[in-house]
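Architecture at a glance
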Amino acid sequence: MLKDLSKKALYASGLLGLYHRIRNADTLTVVMFHRILPPDDPRFASCDPDYTLTTEVFGQCLAFFGRHYSVVSEAEVLASRAEGRALPRNALLVTFDDGWSDNADHALPVMRKFGFPGLLFVVSDVIGTRQPFVQEAIVAAWRRGALTVAGLSAAIDAIAGSPAPRAAAGEESIDALRVEIARLEALDAAGFAAVASLLGDVLDDGLRHMVDVDDLRRLQSGNIALGLHGKTHARMTRVDDLEAELGGARQALEARLGSDLPAARSMSFPHGAHDAAIARRARDAGYELVFTSRRLLNPVGDRLGWLLGRTGFETDTVVDATGRFRPDLLALELFRCARGRLGD
């Protein structure tokens, strides 16, 4: 309790904010969100809690950003990189990954309320689909009682046997489920698809989770720029056709939205998976800004780098046990991040 009170007192004193204003003045902080849902949305009950914020907490995060940062757009970051234009002190860019339809339904109105720009990284093949990625659909099916950990384990065993590690027999918890999902992700593409086929309709909740073209146009009109997050959401360290995930994703997005709109100039790596060679391939494919999931603040200096770190966080890192938003926890999460340049 004393430790908790000291965090609150440190933030309330203004010393933590002063530390941030000085230490991080010449950096770009990039924050990463996924799903934004209110509890009364039917998708909320079965969403993955590790990657979902309520609209209330999301709004409180944005208010925090407004107090401590200068929120910038993708266009400003691109201009800083290409033309040497100075970013404001304590710059921050808000990004969203994957292409969830709730970003248009619920995140966009909150962003508009604050007048903040943002950047959405969309998986091109999910545009216009209803159901989420298999991993997220598995979590949703488990949370609504349509799938058990044992059932998922049996489906994986039917295709690939029983390699370690695996969840303890009979354990029904989100942690046990994630162990089995990791087993699924370790399969090759054919094995992964075969397990998904075995699970069949149990993964379909009948709701629409992913963006369509109208959603993307609404986001663009609301000052949310569009970047790419791969073509299929596969880990780029494991794909057979890397070009399809890079240049192919851009072509697919242009085909959906029309060639009269600007081509996507930024991308982020699905699951954060990349290496130096893949990052260079992304740059060679024409992406001017490439975003990782490395928890780093990006020094601006004379010129911002092209390969950038991002900071993501879940609900339990910004709220207490009662569900109350804690700006002191968010400040400690963001203000003390390491600083580092990933690309020239």
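Given the structure is predicted, the values throughout are model-derived calculations rather than measurements.

Thresholds applied
- Residues numbered from 1 in each chain as written.
- Predicted model: local features only at pLDDT ≥ 70, side-chain atom pairs only at ≥ 80, totals over all residues.
- Heavy atoms only, no water.
- Core = buried A, V, L, I, M, F, W, Y, C linked by side-chain atoms within 4.5 Å.
- Buried < 20%, exposed > 50% of the residue type's maximum accessible area, 1.4 Å probe, protein only.
- Contact = heavy atoms within 4.5 Å.
- Helix = DSSP H or I, 4+ residues; strand = E, 2+ residues; numbered from the N terminus.
- UniProt positions renumbered as here; feature names shortened; annotations may be inferred.
- Axes fitted to C-alpha atoms, helices over the stretch in contact; angles between N-to-C directions.
- Parallel < 35°, antiparallel > 145°, perpendicular 65-115°, else oblique.
- Left-handed = near helix turned anticlockwise from the far one by under 90°.
- Nonpolar A, V, L, I, M, F, W, Y, C, P; charged D, E, K, R; others polar.
- Phe/Tyr/Trp six-rings, centres within 6.5 Å; stacked < 30°, edge-to-face > 60°.
- Lys NZ or Arg CZ within 6 Å of the ring centre and 35° of its normal.

Formed by 58 residues in total, the largest nonpolar core has its most connected members in Phe 33, Phe 64, Phe 65 and Phe 313. When near neighbours in sequence (up to four residues on either side) are disregarded, Phe 33 contacts Leu 53, Phe 58, Cys 61, Phe 65, Val 94, Thr 95, Phe 96, Asp 97 and Phe 313.

Here we take up unusual backbone geometry. Outside of glycine, negative phi angles account for most residues, and trans bonds account for most peptide bonds. Positive phi values are uncommon outside glycine, yet His 233 reaches one of about 75 degrees. Following the sequence through the fold, His 233 ends up in the loop between strand E7 (224–228) and helix H11 (242–257). One non-glycine residue with positive phi stands out, namely His 271, at about 60 degrees. By the element assignment, His 271 lies in the loop between strand E8 (266–268) and helix H12 (276–284). Using a relative accessible area of 34% as the deciding quantity, one classes His 271 as partly exposed.

When the UniProt feature table is mapped onto this chain numbering, "domain: NodB homology" (unreviewed entry) sits at residues 87–135 and 187–289. Within residues 87–135, the helical portion is 33% and the strand portion 27%, while the C-alpha atoms at the span's ends are 38 Å from each other.

Our focus in this paragraph is the packing of helix H6 (residues 134–143) against helix H8 (residues 174–185). Helix packing for two helices is described by the angle between their axes and how far apart those axes are. Where H6 meets H8, the axes come as close as 11 Å, and the angle between the chain directions of the two elements is 150 degrees. With respect to their mutual orientation, H6 and H8 come out roughly antiparallel. Handedness of the crossing formed by H6 with H8: right-handed. Across the interface between the two elements, Val 134, Gln 135, Ile 138, Val 139 and Trp 142 of H6 pack against Ile 174, Leu 177, Arg 178, Ile 181, Leu 184 and Glu 185 of H8. Grouping the amino acids of the contact of H6 with H8 by side-chain chemistry returns eight nonpolar, one polar and two charged.

Moving on to the packing of aromatic side chains. In the structure shown here, the tally under the stated rule is 12 aromatic pairs. Here the aromatic rings of Phe 33 and Phe 96 are separated by 5.9 Å at their centres, their planes lie at 35 degrees, and the arrangement is tilted. With Phe 33 in strand E1 (residues 27–33) and Phe 96 in strand E5 (residues 91–98), this residue pair connects regions lying 63 residues apart in the sequence. Of the two residues, Phe 33 and Phe 96, both sit in the buried class. Taken together, the aromatic side chains of Tyr 11, Phe 33, Phe 58, Phe 64, Phe 65, Tyr 69, Phe 96 and Phe 335 make up a single cluster linked through ring pairs. Looking at Arg 250, its charged tip hangs above the ring of Tyr 287, at a distance of 4.2 Å from the centre.

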